[in-house]
Amino acid sequence: MAIPLTAYLIVAAILFAIGVYSVIAQRTAVMILMGIELLLNAIGLNLIAFWRYVRPDDYSAQIFTIIIVTIGAVEMGVGLAIMMLLYRNRQTVQVDKFEDLKG
Amino acid sequence: MILDAITQWIAFTAFALIAIGGALGMTTTMSMFRSGIFLMASFIGVAGLFILLSADLIGLLQVMMYVGGMLVMILFMVLFMNDPGGSMMAGMDMSPVENFFSRGIKLMDTENGAGHEEHSGHSSPNDNANGESGKEHGMEMDMSMTTPVKKHAAVLAIVVGCVLVALLLLRPSWPISVLTPNPASAEQIGTLLMGKYMMAFEGAGLLILTGIFGAVLLARPGKFPGDASREAHVSVDEDPAPIADDPLKPLGPKSGEPREISVTDIHRDR
């Protein structure tokens, strides 16, 4: 317990800010998905840090993190399937090109 | 395992630098393949932080699921990209951070770049009415990896980061517990997962099943004949080209007329 809780939370906050930048500024769908994974990672780091320092006897936070990782995996799989479908129809993966619903 | 304070600080600094540096490299490099590798480094750094927080199971899960599973998917999808190596956009105006993280990417030679520009100008005759600026804009739309709001996004991200860090620093303190977690945390998590959080566990399973169904349905080729993705599956070579010159001679003892083989011949050979 030599390291204060705030240090971990600051690392998670910086990761979150980088993820926000990545989601807004990137153009292709893969990079946006990577940014979302970074956001989920920062949330998991926050959860685990709070678990360790505030309630180390209650393991609910770790289960919460496991559920978050699962949801991230499912989101990544479905997102990549959607992207592959869009690529086959439009031959591009840049999200700004998808402006109309019916192609 | 109790580490002393110095070792803990060294490990924390190393893992935090790996995590933050990997994330920064992921979002600023011009090459998408490098982005995947940087993201892998960031995930490994966060897994190290998890282990440092004595959440061994979560760290292991992080390495297995993110690094082993998702990044393979990401790198597979990167191969679909136009210019995954970033050689076309590496020469554009970049900030110092982007310059640092995309060091060593080979530029396309200028002849190819000029040819591409000319080709893009010719391929869109409708844009010629808009004049030079329209063409330049279309060019940038094709090549750049980030959206035009990149500067605003960077400012927004820096503001978000500063506000979060300031909130963390200005907040008095959380009630820190002095307890140390049970070393056999995996057993506790398993018990909780199968007892108290049974419904969440089942819900996650159902979600994964639905996700698999959705992904398979989405990636399936379409049913209609006009579907572009269907052509690869139903295209048949209607008129195959004849074999012009076959260098192999036909089999048999005589190269002339084929020998008649009857059932009795086969039995006589035995």
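Source: prediction; values computed, not measured.

## Some details on the overall build of chain B
Then, in step 1: If you tally the helices and strands in chain B, you get eleven helices and zero strands.
Then, in step 2: Listing the helices and strands of chain B from first to last along the sequence gives α-α-α-α-α-α-α-α-α-α-α.
Then, in step 3: Expressed as a percentage of the 270 residues in chain B, the buried residues total 20%.
Then, in step 4: Relative to all contacts within chain B whose residues are 6 or more apart in sequence, the contacts with residues 24 or more apart total 48%.

## Observations regarding the interface of chain A and chain B
Then, in step 1: Taken residue by residue, the interface counts 65 residues in chain A and 74 residues in chain B.
Then, in step 2: Going through the elements one at a time, helix H1 (5-25), helix H2 (29-53) and helix H3 (60-90) of chain A are the ones with two or more residues in the side of chain A that touches chain B.
Then, in step 3: Of the residues forming the side of chain A that touches chain B, the biggest block, 23 residues, is contributed by H3(A).

## Looking at the confidence of the model for chain B
Residues and elements named next belong to chain B.
Then, in step 1: Scored by pLDDT, chain B has a mean of 73; 60% of the residues are at 70 or more.
Then, in step 2: The low-confidence segment residues 110-143, where pLDDT is below 50, has 13 contacts with residues more than four positions distant or belonging to other chains.
Then, in step 3: Here the predicted complex scores 0.73 on pTM and 0.90 on ipTM.

## Here we look at the nonpolar core
Then, in step 1: Among the nonpolar cores identified, the biggest contains 66 residues, and A:Ala12, A:Leu15, A:Val30, A:Leu45, A:Ile48 and B:Leu49 are the most heavily contacted of them.
Then, in step 2: Leaving out residues up to four positions away in the same chain, A:Ile48 has contacts with A:Ala61, A:Thr65, B:Phe50, B:Leu53, B:Ala55 and B:Ile58.

## Concerning the packing of H2(A) against helix H2 (residues 32-52) of chain B
Then, in step 1: In the contact formed by H2(A) and H2(B), the axes pass within 11 Å of each other and the chain directions differ by 5 degrees. Taken together, the axis directions place H2(A) and H2(B) in an arrangement best described as roughly parallel. Where H2(A) approaches H2(B), its residues A:Val30, A:Met31, A:Met34, A:Leu38, A:Asn41, A:Leu45 and A:Ile48 are matched on the opposing element by B:Met32, B:Ser35, B:Leu39, B:Ser42, B:Phe43, B:Val46, B:Leu49 and B:Phe50.
Then, in step 2: Among the residues making up the contact of H2(A) with H2(B), the classes are represented as twelve nonpolar, three polar and no charged.

How each quantity is defined
Residues numbered from 1 in each chain as written. Chains lettered and ligands numbered in written order. Predicted model: local features only at pLDDT ≥ 70, side-chain atom pairs only at ≥ 80, totals over all residues. Helix = DSSP H or I, 4+ residues; strand = E, 2+ residues; numbered from the N terminus. Buried ≥ 20, exposed ≤ 12 C-beta atoms within 10 Å, placed from the backbone. Contact = placed C-beta atoms within 7 Å. pLDDT = per-residue confidence, 0-100. Core = buried A, V, L, I, M, F, W, Y, C linked by C-beta atoms within 7 Å. Axes fitted to C-alpha atoms, helices over the stretch in contact; angles between N-to-C directions. Parallel < 35°, antiparallel > 145°, perpendicular 65-115°, else oblique. Nonpolar A, V, L, I, M, F, W, Y, C, P; charged D, E, K, R; others polar.

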